[in-house]
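Results of the structural survey
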Amino acid sequence: MSIQIENLSYKYGQPAGEKVEALQDISCAIAAGDFVGIMGHTGCGKTTLIQLLAGLRAPTSGRIYINGEDINAKGYDRNRLRQTVGVMFQNPEYQLFATTVEKDVAFGLKYSGLRGQEVTARVRWALETMGFDFEKVRNQSPLALSGGEKRRVAIAGVIATRPQILIFDEPIAGLDPYSRENFLQFVTQMNQAGTTIIMVSHNMEALAEYTQHLLVLEKGRLIDAGPTREVFIRLKQRKDGAFGQTAAQKIVTLLAERELKLPPAVVTYGDLLAALKHELTGGGRG
Amino acid sequence: MLVTGKNISFTYDFGGAAFALQDVDITIAQGEFVAILGCNGSGKSTLVKHFNALLQLQQGALKVAQIDVGNTEEIWLLRRLCGMVFQNPDNQFVSSVVEEDIAFGLENYEVPRGEFPARVRSALALVEMDGYEKRAPNSLSGGQKQRVALAGVLALEPEIIIFDEATAMLDPSGRQEVVKIMHKLHKTGKTIIAITHYVEETVAADKIILMHQGRVLACGHPRAILTDLDLMKKAELIPPLPVRLYYDLQQAGVNLSNCPLTNEEFVEAICQFRSKT
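Computed from a predicted model, the values in this text were never measured in an experiment. (Residues numbered from 1 in each chain as written. Chains lettered and ligands numbered in written order. Predicted model: local features only at pLDDT ≥ 70, side-chain atom pairs only at ≥ 80, totals over all residues. Heavy atoms only, no water.)

1. Some details on the overall build of chain A
Across its full length, chain A carries eleven helices and ten strands. The globule rule puts the C-alpha radius of gyration for 286 residues at 19 Å, and the 21 Å found for chain A is close to it. Expressed as lengths along the three principal axes of its C-alpha atoms, the size of chain A is roughly 70 × 50 × 35 Å. Relative to its full complement of 286 residues, chain A shows a buried share of 51%. (Helix = DSSP H or I, 4+ residues; strand = E, 2+ residues; numbered from the N terminus. Rg over C-alpha atoms; globule rule 2.2 N^0.38 Å. Buried < 20%, exposed > 50% of the residue type's maximum accessible area, 1.4 Å probe, protein only.)

2. Here we look at the pairing of strand S7 (residues 160-164) of chain B
Residues and elements named next belong to chain B. Judged by how many residues are buried, S7 sits mostly within the fold: five of five residues are covered. By the bridge criterion, four bridges tie strand S6 (residues 82-85) to S7 in an arrangement that is parallel. Residue pairing in the sheet places Val85 in a bridge with Phe163 of S7. When S7 meets strand S8 (residues 191-195), the two strands line up parallel, connected through five bridges. (Pairing = 2+ DSSP bridges.)

3. Section: the sheet that holds strand S4 (residues 59-64) of chain B
Residue and element names in this part refer to chain B. Reading across the sheet, the four strands line up as S2-S1-S4-S5 and stay open at both edges, with antiparallel pairing between neighbours. The open sheet has two free edges, formed respectively by strand S2 (21-28) and strand S5 (67-68), since each of these has just one partner strand. Pairing analysis gives two bridges linking S4 to S5, with the strands arranged antiparallel. In the sheet register, Val64 faces S5, and the bridge partner there is Ile67. Helix H1 (residues 44-51) contacts strand S1 (3-10), S2 and S4 of the sheet and is inclined by roughly 55° relative to S2. (Contact = heavy atoms within 4.5 Å. Axes fitted to C-alpha atoms, helices over the stretch in contact; angles between N-to-C directions.)

4. Topic: the sheet that holds strand S3 (residues 35-39) of chain A
Residue and element names in this part refer to chain A. Pairing is mixed in the open sheet, where six strands are placed in the order S6-S7-S8-S3-S9-S10. Looking at the sheet topology across the chains shown, the edges are occupied by strand S6 (85-88) and strand S10 (221-227). Averaged over all adjacent pairs, the angle separating strand axes in this sheet is 15°, with direction ignored. For S3 and strand S9 (residues 213-218), the ladder comprises four bridges, and the chain directions are parallel. Looking at the pairing, Gly37 lines up with Leu214 of S9. In the packing of helix H6 (residues 147-159) onto the sheet, contacts are made with S6 and strand S7 (165-169), and the angle to S6 comes to roughly 170°.

5. Things to note about the side chain of Asp169(A)
Residue and element names in this part refer to chain A. Positionally, Asp169 belongs in strand S7. Within the buried set, Asp169 has no salt-bridge partner at all; the shortest N-O distance to an opposite charge, 6.5 Å, is to Lys46. In this structure, Asp169 is in contact with Thr47, Ile50, Met88, Phe89, Gln90 and Val200, ignoring residues within four places of it in sequence. (Lys, Arg positive; Asp, Glu negative; His and termini not counted. Salt bridge = Lys/Arg side-chain N within 4 Å of Asp/Glu carboxyl O.)

6. Considering the interface of chain A and chain B
Much of the literature gives interface size as the accessible area that the parts lose upon coming together. Every contact between the two is made by 37 residues of chain A and, on the other side, 37 residues of chain B. Carbon and sulfur atoms make up 63% of the area that chain A and chain B hide from each other, which totals about 3500 Å². Summed over the shared surface of chain A and chain B, the number is two salt bridges. The shortest N-O distance in the salt bridge between Glu279(A) and Arg274(B) comes to 3.8 Å. At the boundary of chain A and chain B, one finds six residue pairs in polar contact (both at pLDDT 80 or more). (Buried area = accessible area lost by both parts, 1.4 Å probe. Polar contact = N/O pair within 3.5 Å; in protein donor to acceptor, adjacent residues only side chain to side chain.)

7. A few points about the state of the cysteines
Taken as a whole and judged by the stated rule, the model has zero disulfides over all chains. In this structure Cys28(A) is a free cysteine whose sulfur lies 13 Å from that of Cys44(A), the closest cysteine sulfur available. Between Cys271(B), a cysteine without a disulfide, and Cys259(B), which holds the nearest cysteine sulfur, the sulfur-to-sulfur distance is 17 Å. (Disulfide = S-S within 2.5 Å.)

8. What about the pattern of salt bridges?
All names here are of chain A. Tallying each qualifying case throughout the model produces 24 salt bridges over all chains. The shortest N-O distance in the salt bridge between Arg238 and Glu218 comes to 3.6 Å. Residue Arg238 is located in the loop between helix H9 (228-237) and helix H10 (247-257), and its partner Glu218 is located in strand S9; the two are separated by 20 residues in the primary sequence. Residue Arg238 is classed as partly exposed on the basis of its relative accessible area, which comes to 26%. Note that Arg234 is salt-bridged to Asp224, the shortest N-O span being 2.9 Å. Highlighted residues: Arg234 in helix H9 and Asp224 in strand S10, separated in sequence by ten residues. Residues joined by salt bridges that share partners form a network here, namely Glu102, Arg124, Glu128, Glu135 and Arg138.

Keep in mind these numbers describe shape, not what the thing actually does.
Quick look at the structure:
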């Protein structure tokens, strides 16, 4: 499922009558099967963009095409959009409501056409994919789980419907490192199986290690877009340092101040380790 | 000791045998900066929610600032002395104006109204947000929102401030703002208890309490805890980047003189290594 965004703008109306421009003239394309990261400070318009992609808001101007179809055109089948695009918003743990974990995850499957055993099998798959022991957790109250566990139950509820485009708004905030890695590896597997992934995150390492392309928003404008590594290299060159660098890039900067210059393409942990090995075991000298 | 806990056990699951905390002993000294580390479900939040009696003690004994947490008559005093900032900046606000939000706690504690403006002003000054009194919380950045939430706590003049993953939802600059304020408050003598999943935020703590499956797995100086690969693995955590680099480089035959904890220490160790070879 490809996505085409053309001259997209969105203004929020304020009580006083004035308008706040949350998104300004954004154009970009996301290819089917891509894994795209969205980076930007709080309030830059990331969440508004996601809401527009999911059809939860209509743009003030501009168009969004999913597989060539304008999702805001008259007569466009909204139901199809809901089945195509799965969205997990921030703090999904607050959205849990059913009396058991199993019922909560199964809720989204109500209108999927699946019945009985098929629903159970799908719920089992979703919960096991998120690292749960299905039999142990199925009858527990979702409210009795820890914060991170609730998050994983909520994700299970989104993936249970197997949408072709999956959008995650800050999915790993508050997860511990192992859960973070498990989640990102799981998303990568979904991606490799053909699902288009869009992930908003403040975690620079996650964006650098896992996404293929990056969109950078600043005050409602798309200020950079491209292959992830190239975008990180460009952001590092910005003088104001307004955007996050990866931990590896920060170490490269500190080393450069001490006269050890590593290649500018060092972005991830693996890059840094390889460059240091090369430099310190003789490869980089002479 | 400001916090002394013995054999604390807790379950959310009455009927069942699943313990969220099991036989936890804990001591925290006045003025200490304590980081609590552990994977999701390890019992971190459950433990700290005992400190101000958000959760009732089921088993064991716990004293915080000389108050027995089971003593319901002193619960208000306990909650004033032991303030808490939570994870999500957006659902800690009760008012649409910053100063009213900060004053909410003061109203509850029946602080004389005449004292409000001065208390609000000095709380905002502590979190470096002077002049934001009339702003709407929803017009602030994530880091600013957390600092307003913290100002609401500080207005009550607490002894202990607990940050329960208060940086988890923030962008890198917002995180930096909050961490900076934590250390500033620590310097003024406040006792800081910080729960976080960002290991790099714990390296400057006086002490780390490492939790796993409801138990205290280890307690000690960040250097001792964070550089112990086996221990970190047992706790299902990943050590800070400089520590990982140190061990991965060692495997490649690059032996740095000692295991660095911060980026600065790592760079120093690399420079030393280069000057020797």
